[in-house]
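# Secondary and tertiary structure notes
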Amino acid sequence: MPSKHKVATTEELSDGSRVIAEIEGQEIAVFQIDGDYHAISNYCVHQAGPLCEGKLTGDMYIDDNGWDWNYDDDEKHITCPWHGWLFDVTNGENIHNSKYRVPTYGVEVEDGDIFVIR
Ligand code: FES
């Protein structure tokens, strides 16, 4: 049965910031993005790098015309510091190939405390 683990307070986690906590022997990061909290494993499915220690960014993509590059400045993508794979912290999916996915977890906020459900 899942249980709640306090990882931070809402005051400690400003927009775009993260906290990495060890929960039951596993490192899990919680990100605050535009007022929402997202929990994701600090484990890259490529070669086990510390995914959530990387930079939070938007994404470059090619326009429908197949020629022009655009930048999506919705900074919800974490870049693995080892080889640069990009994952969406809101759902754990690799943004270039959704068959690669990092586990995500539920988050609850109660009285200013942030909990990961695991
Ligand atoms: S270990 Fe994360 S991209 Fe290689």
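This section reports on the structure supplied with the text. (Residues numbered from 1 in each chain as written. Predicted model: local features only at pLDDT ≥ 70, side-chain atom pairs only at ≥ 80, totals over all residues.)

### Focus: the overall build of the protein
On a plain count of helices and strands, the protein comes out with 0 helices and 9 strands. Element order for the protein, N to C, with α for helix and β for strand: β-β-β-β-β-β-β-β-β. By the compact-globule yardstick of 13 Å for 118 residues, the protein fits well, its C-alpha radius of gyration being 15 Å. Oriented by its inertia axes, the alpha-carbon framework of the protein measures out at about 50 × 30 × 25 Å. By the burial criterion, 25% of the 118 residues in the protein qualify as buried. (Helix = DSSP H or I, 4+ residues; strand = E, 2+ residues; numbered from the N terminus. Rg over C-alpha atoms; globule rule 2.2 N^0.38 Å. Buried ≥ 20, exposed ≤ 12 C-beta atoms within 10 Å, placed from the backbone.)

### Some details on unusual backbone geometry
Phi at Asp34 takes a positive value of approximately 55 degrees, unusual for a residue other than glycine. Inspection of the secondary structure puts Asp34 in the loop between β3 (26–33) and β4 (36–41). The backbone of Asp111 sits at a positive phi, close to 50 degrees, despite the residue not being glycine. As for its position among the elements, Asp111 is in the loop between β8 (104–110) and β9 (113–117). Of the residues examined, Asp111 has 6 C-beta atoms within 10 Å and is grouped as exposed.

### Some remarks on the pairing of β4
Most of β4 is tucked away: 5 of the 6 residues are buried. Strand direction decides the pairing type here: β3 and β4, joined by 6 bridges, are antiparallel. Across the sheet, Ile28 pairs through a bridge with Ser41, a residue of β4. Relative to β8, β4 is paired through 2 bridges, and the arrangement is antiparallel. When the sheet's bridge partners are listed, Ile40 is paired in β8 with Thr104. (Pairing = 2+ DSSP bridges.)

### Here's the deal with the sheet that holds strand β2 (residues 18–23)
Across the sheet, 6 strands lie side by side as β1-β9-β8-β4-β3-β2; this open sheet has antiparallel pairing. Looking at the sheet topology across the chains shown, the edges are occupied by β1 (4–9) and β2. Across the sheet, the axes of successive neighbouring strands diverge by a mean angle of 30 degrees, strand direction being ignored. (Axes fitted to C-alpha atoms, helices over the stretch in contact; angles between N-to-C directions.)

### Some thoughts on the sheet that holds strand β5 (residues 56–62)
In sheet architecture, strand pairing relies on hydrogen bonds along the backbone and comes in two forms, parallel and antiparallel. The strand order β5-β6-β7 describes an open sheet built from 3 strands, whose pairing is antiparallel. Edge strands, defined here as strands with exactly one partner in the open sheet, are β5 and β7 (86–88). Taken over all neighbouring pairs, the strand axes of this sheet differ in orientation by 55 degrees on average, direction set aside. For β5 and strand β6 (residues 69–79), the ladder comprises 6 bridges, and the chain directions are antiparallel. Opposite Ile62, over in β6, you have Trp69 as the bridge partner.

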